[in-house]
Amino acid sequence: MTSDKTRSWRPRTTLVHGATLRSQFGEVSESIFLTQGYVYENAEAAEARFKGEAPGFIYSRYANPTVDMFEKRMCALEGAEDARATASGMAAVANAILCSLKAGDHIVAARALFGSCRWVIDTLAPRYGIESTLVDGKDIANWEKAVRPNTKLFFLESPTNPTLEVIDIAAVAALANSIGARLVVDNVFATPLLQRPLDLGAHVVVYSATKHIDGQGRCLGGIILSDKAWIDEHLHDYFRHTGPCMSPFNAWTLLKGLETLPVRVDQQMRSAARIADFLAQSPQIERVVYPGRPDHPQADVIARQMSGGSTLVCFDVKGGKAGAFAFQNALDIVLISNNLGDAKSLITHPATTTHKNLTEEARAEGGIGPGTLRLSVGLEDTDDLLEDIGQALAGVGKAA
């Protein structure tokens, strides 16, 4: 059973109770429906279900009760009409971009992107005859200049990975509407709690649910959210026939993650703000970028479109790659990893990991230098994290 009351619930309640489907056993924790197929009462019922004349599930590559719960709960949180859950975040990105395009179409995207997202835009899409242009997304004039008669889709991350640039989503959405294009926003760094792209005019939102939504390093997942008309027209058949579907077990794990998402993000954000301020005072740090600080280059946009800062901090250690490596290796609590949004604090050197396949010029365009580090703040005691970071910086200073 589900309840229409979810429309009036606040996010924390929605994430615990929203779109719950209970079997005849009345279980408290959502059930995992580990099944490939479904049985029909008779041949006529099977025909009706395949024709779309009767409700129900057909095959778990198309839809599954546990996955359906996850999709509906995310819709309730995001304010979306419909969603499709995918096996990973990159499956969500690739499907959201490619499902509505054809040879001869044109994409405009912000150039500050996660390495795999950029590969889809400027390497994969052109193989299918889809043109692309990358721009400095912070200035709306750059988007306007890049528009062509065949521009059909805009794509951006905000805040960006890893440099936490923030793009004016409402301005880009307005431009997209003026030319009949669609804006797809990767909202993973903000989480649905700190930024709601659909409310700002975006048409499609994607997440790597692997990150904050799971938030405990357990499983992969992604999701695409939009209006029902767009999903029915563009995504439904593409999704059904290419098979990027989410595992029911992963959907169940992500449902459990959603229950604690607000508690985790709130704590991580408070710690991240303190760490950003601490780093800004260190003589071993050349630059700190954090959306909650008044010195953030897009502070005015952040005030308009985000309800909080971030769980991540971007900073540059003096000494380039050697300084960044020395700092990482000196940490005791913070773990070296390419993931983010975890309960454990994780640090990444983008130039040699997540953005390694970009050219040095492309990394520089995105603000990624040899000393750039991305810190994903976890749930450890903030004072312990500050002490760990402090001792690592002290060690770098002595080595220099």
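Note that the structure is predicted; figures quoted are calculated from it, not measured. (Residues numbered from 1 in each chain as written. Predicted model: local features only at pLDDT ≥ 70, side-chain atom pairs only at ≥ 80, totals over all residues. Heavy atoms only, no water.)

### Quick word on the overall build of the protein chain
For step 1, the next point in the chain: A count of helical and extended segments in the protein chain gives 15 helices and 12 strands.
For step 2, the next point in the chain: The globule rule puts the C-alpha radius of gyration for 400 residues at 21 Å, and the 22 Å found for the protein chain is close to it.
For step 3, the next point in the chain: In terms of its C-alpha atoms, the protein chain occupies a principal-axis envelope of roughly 75 × 55 × 35 Å.
For step 4, the next point in the chain: Looking at the protein chain as a whole, 54% of its 400 residues qualify as buried.
For step 5, the next point in the chain: Taking as baseline every contact in the protein chain between residues at least 6 positions apart, the subset at least 24 positions apart corresponds to 73%.
For step 6, the next point in the chain: Carbon and sulfur atoms form 52% of the exposed surface of the protein chain, whose accessible area is close to 17,000 Å².
For step 7, the next point in the chain: Separation between the mean location of the 39 positive side-chain charges and that of the 46 negative ones in the protein chain comes to 1 Å. (Helix = DSSP H or I, 4+ residues; strand = E, 2+ residues; numbered from the N terminus. Rg over C-alpha atoms; globule rule 2.2 N^0.38 Å. Buried < 20%, exposed > 50% of the residue type's maximum accessible area, 1.4 Å probe, protein only. Contact = heavy atoms within 4.5 Å. Areas by Shrake-Rupley, 256 points an atom, 1.4 Å probe, with all protein chains shown as cover. Lys, Arg positive; Asp, Glu negative; His and termini not counted. Charge placed at Lys NZ, Arg CZ, Asp CG, Glu CD.)

### Digging into the nonpolar core
For step 1, the next point in the chain: In terms of nonpolar packing, the biggest core is built from 51 residues, with Phe70, Leu279, Phe315 and Phe327 touching the most fellow members.
For step 2, the next point in the chain: No other element matches the 11 residues that helix 11 (residues 248-280) contributes to this core.
For step 3, the next point in the chain: In contact with Leu279, other than residues within four places in its own chain, are Ile285, Val288, Val313, Phe315, Ile389 and Leu393.
For step 4, the next point in the chain: Counting 26 residues, the second-largest nonpolar core is a separate cluster that includes Leu113, Ile130, Leu153 and Val204. (Core = buried A, V, L, I, M, F, W, Y, C linked by side-chain atoms within 4.5 Å.)

### Digging into the pattern of salt bridges
For step 1, the next point in the chain: Under the defined criterion, the tally for this structure stands at 23 salt bridges.
For step 2, the next point in the chain: Lys138 is paired through a salt bridge with Asp136; the nearest N and O atoms lie 2.8 Å apart.
For step 3, the next point in the chain: Overall, the relative accessible area of 36% leaves Lys138 in the partly exposed class.
For step 4, the next point in the chain: On the accessibility criterion, Asp136 (22% relative accessible area) is partly exposed.
For step 5, the next point in the chain: Residue Lys256 is joined to Glu259 by a salt bridge in which the shortest nitrogen-to-oxygen separation is 2.9 Å. Taken together, the positions of Lys256 and Glu259, both in helix 11 and three residues apart, correspond to about one turn of that helix. (Salt bridge = Lys/Arg side-chain N within 4 Å of Asp/Glu carboxyl O.)

### Points about the packing of helix 4 (residues 89-98) against helix 5 (residues 115-127)
For step 1, the next point in the chain: The geometry of helix 4 relative to helix 5 is characterised by a closest axis approach of 10 Å and an angle of 35° between their N-to-C directions. Note that helix 4 runs across helix 5; the crossing there is right-handed. Taking contact as the criterion, the partners of Met90, Val93, Ala94, Ile97 and Leu98 in helix 4 are, on helix 5, Ser116, Cys117, Val120, Ile121, Leu124 and Ala125.
For step 2, the next point in the chain: When the residues that make up the contact of helix 4 with helix 5 are grouped by side-chain class, the tally is 10 nonpolar, one polar and no charged. (Axes fitted to C-alpha atoms, helices over the stretch in contact; angles between N-to-C directions. Left-handed = near helix turned anticlockwise from the far one by under 90°. Nonpolar A, V, L, I, M, F, W, Y, C, P; charged D, E, K, R; others polar.)

### Considering the UniProt feature "modified residue: N6-(pyridoxal phosphate)lysine" (unreviewed entry) in the protein chain
For step 1, the next point in the chain: Summarizing the sequence annotation, UniProt attributes the feature "modified residue: N6-(pyridoxal phosphate)lysine" (unreviewed entry) to Lys211 in the numbering used throughout.
For step 2, the next point in the chain: Assignment of secondary structure puts Lys211 in helix 9 (residues 210-214).
For step 3, the next point in the chain: Those residues within four positions of Lys211 in sequence are excluded, and the remaining contacts are Val188, Asn339, Leu340 and Gly341. (UniProt positions renumbered as here; feature names shortened; annotations may be inferred.)

### Description of the state of the cysteines
Structurally, a disulfide amounts to a covalent bond that connects the sulfur atoms of two cysteines.
For step 1, the next point in the chain: Scanning the model with the defined rule gives zero disulfides in all.
For step 2, the next point in the chain: Not part of a disulfide, Cys75 finds its nearest cysteine sulfur in Cys99, a span of 15 Å.
For step 3, the next point in the chain: Residue classification places Cys75 among the buried residues on the basis of a relative accessible area of 9%.
For step 4, the next point in the chain: Unpaired in terms of disulfides, Cys245 finds its nearest cysteine sulfur in Cys219, a separation of 14 Å. (Disulfide = S-S within 2.5 Å.)

### Quick notes on the sheet that holds strand 11 (residues 346-348)
For step 1, the next point in the chain: Strand order in this open sheet of five strands is 8-9-12-11-10, and the pairing throughout is mixed. The open sheet is flanked by strand 8 (285-289) and strand 10 (335-336), the only strands paired with a single partner.
For step 2, the next point in the chain: As paired elements, strand 11 and strand 12 (residues 372-376) share three bridges and run antiparallel to each other. Among the inter-strand pairings, Thr348 is bridged to a residue of strand 12, identified as Arg374.
For step 3, the next point in the chain: The sheet strands contacting helix 11 are strand 8, strand 9 (312-317) and strand 12, and the helix crosses strand 9 at an angle near 15°.
For step 4, the next point in the chain: Running over the sheet, helix 13 (residues 320-330) touches strand 9, strand 10, strand 11 and strand 12 and is turned about 125° from strand 9. (Pairing = 2+ DSSP bridges.)

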